[in-house]
Amino acid sequence: MVVILLSLLLSVGLVSFDRETSRAQQVGALGTGIAGSAIFALIISWLLDAEHDRFLQTQLSGQLEAQQDAILAEFRKLNTRYLPLREYAPTQEYRGNRFNVDLTASLEASGSYTFRGASAKYVAPRVRRNGDRITRVRVVMIDPQSDDALSARAADRASNPKYAGRTLQQIKDGLREETFRSIVSLHGICSRVRVEIGLSASASSVMRVEMFDSDVYVSVYNMETSLRSHFPGTQRYSNESLVYVLQHLEGERIYDLCGKKLIFDRQTTDDQLVVALRDCGMTQVNEEILTAMRQRNDRFEAAFIRDALS
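Residues numbered from 1 in each chain as written. Predicted model: local features only at pLDDT ≥ 70, side-chain atom pairs only at ≥ 80, totals over all residues. Heavy atoms only, no water.

Draft legend 1. Examining the sheet that holds strand β6 (residues 215-220) more closely. Reading across the sheet, the eight strands line up as β1-β7-β6-β5-β2-β3-β4-β8 and stay open at both edges, with mixed pairing between neighbours. The sheet terminates laterally at β1 (86-88) and β8 (260-264), the two strands that pair on one side only. Strand-to-strand twist across the sheet, computed as the mean angle between neighbouring axes with direction ignored, equals 15°. Across six bridges, the pairing between β6 and strand β7 (residues 233-238) is antiparallel. Across the sheet, the residue bridging to Tyr217 is Arg236, located in β7. Together, β3 (136-142), β4 (194-200) and β8 form the strand contacts of helix α6 (residues 168-187), whose direction differs from that of β3 by roughly 170°. (Pairing = 2+ DSSP bridges. Helix = DSSP H or I, 4+ residues; strand = E, 2+ residues; numbered from the N terminus. Axes fitted to C-alpha atoms, helices over the stretch in contact; angles between N-to-C directions. Contact = heavy atoms within 4.5 Å.)

As structure tokens, this is what we get:
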């Protein structure tokens, strides 16, 4: 509009000084000039509006993308801190889900392996096969001399199909023997890693915790679906999660409070292992029994590797 008015004033001024052109020609020229100015003004206005719209869209789009990235980053941070990386459903067989595959990958990349649960029968076979980088294994498991701890875990196992047909006392006796065999199995890897064992009368029969440098696996035994399955459901959490931090602190405290601790390293002999087993309540152990336990462990390990890890 301003351009049109300025063009009109300029045209009128120029026409007023023109003494040779007729009034009709002057009016026609004036109208043509005004029309051209109007068209020019409209084109300029359209171009300016289009450029302004593009500028606003660019600015708003950039701001929205930045806000979207910030929101997504915050969601990812919250997910990592509070939610599991993966969930593994209860299963009836070793290969029923990706649990063993993922746990093996965590083990292979880790320098330490911390276990807390009823017994540690799978720990040594895992370390022997896939724990080349492991330098320390720490285990907290049931004290075989604690009848209350054995009873609590045996009650959970009574609902597991693997133990169908056994009495509660038979399950307790089997768990006690399993604990002794776990100690022997862990001694078998002490030539390559330091093994720290804490025996606890209050070790949880409710869950199993396996912690590595990058993540932690928490398996809950006495959930309804887990009680009906051979192997419990498990959740895997990042080392940046709150669960990892809490399990690490809780594990340290539980180990410190264990009434009985065993340390196995390269200098630990078979004679010292026998003494340790006797202190744990296996009073009848001798060299012959120790050999038989190792042979049974070898058969168990071979079957586990074949069925779960191969």
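Next, the rest of the story.
Draft legend 2. Expanded view of the pairing of β8. Because side chains alternate across β8, one face comprises the buried residues Lys260, Leu262 and Phe264, and the other comprises Lys261 and Ile263, none of which is buried. Relative to β8, β4 runs antiparallel, the two being bridged by five bridges. What sits directly across from Gly198, in β8, is Lys261. (Buried < 20%, exposed > 50% of the residue type's maximum accessible area, 1.4 Å probe, protein only.)

Draft legend 3. Representation of the environment of Val193. Within the secondary structure layout, Val193 lies in the loop between α6 and β4. Along the primary structure Val193 and Ile134 are separated by 59 residues, whereas in three dimensions their C-alpha atoms are 6.7 Å apart. Every residue in contact with Val193, bar those within four places of it in the chain, is listed here: Val127, Ile134, Thr135, Arg136, Val137 and Phe264.

Draft legend 4. Geometry of the packing of aromatic side chains. Within this structure, the stated rule accounts for 11 aromatic pairs. Between Tyr94 and Phe304, the ring centres sit 5.4 Å apart and the planes meet at 70°, which makes this aromatic pair edge-to-face. Here Tyr94 is found in the loop between β1 and α3 (99-108), whereas its partner Phe304 is found in helix α10 (residues 287-309), with 210 residues between them in sequence. By the burial criterion, Tyr94 is buried, and Phe304 matches it. Judged by centre distance (4.7 Å) and plane angle (40°), the ring pair of Tyr122 and Phe304 falls under tilted. Here the residue Tyr122 occupies a position in the loop between β2 (112-116) and α4 (123-130), and Phe304 occupies one in helix α10, the gap between them amounting to 182 residues. Both residues of the pair, Tyr122 and Phe304, count as buried. Taken together, Tyr88, Phe99, Tyr113, Phe212 and Tyr217 form an aromatic cluster joined through their ring pairs. It is Arg153 that lies over the ring of Tyr221; its NZ or CZ is 3.9 Å from the centre. The ring of Tyr255 has Lys261 sitting right over it, with the charged end atom 5.3 Å from the ring centre. (Phe/Tyr/Trp six-rings, centres within 6.5 Å; stacked < 30°, edge-to-face > 60°. Lys NZ or Arg CZ within 6 Å of the ring centre and 35° of its normal.)

Draft legend 5. Local environment of the nonpolar core. Counting 37 residues, the largest nonpolar core has Tyr113, Val123, Val137, Ile183, Leu186 and Leu277 as its most contacted members. When near neighbours in sequence (up to four residues on either side) are disregarded, Tyr113 contacts Leu107, Val123, Arg126, Val127, Ile134, Arg136, Val137, Arg138, Glu210, Met211 and Phe212. (Core = buried A, V, L, I, M, F, W, Y, C linked by side-chain atoms within 4.5 Å.)

Draft legend 6. How the structure looks around the pattern of salt bridges. Counting across every chain of the model gives 18 salt bridges. Here Lys172 and Asp147 are joined by a salt bridge, their closest N and O atoms 2.7 Å apart. On the criterion of sequence distance, the pair formed by Lys172 in helix α6 and Asp147 in helix α5 (residues 147-157) is long-range, its members being 25 residues apart. For Lys172, a relative accessible area of 7% translates into the label buried. Judged by its relative accessible area of 40%, Asp147 is partly exposed. The shortest N-O distance in the salt bridge between Arg296 and Glu177 comes to 2.3 Å. Taken together, the residues Arg296 in helix α10 and Glu177 in helix α6 connect sequence positions 119 residues apart. Through salt bridges with shared partners, a single ionic network connects Arg86, Arg98, Asp102, Asp215 and Arg236. (Salt bridge = Lys/Arg side-chain N within 4 Å of Asp/Glu carboxyl O.)

Taken by themselves, the reported measurements are silent on function.
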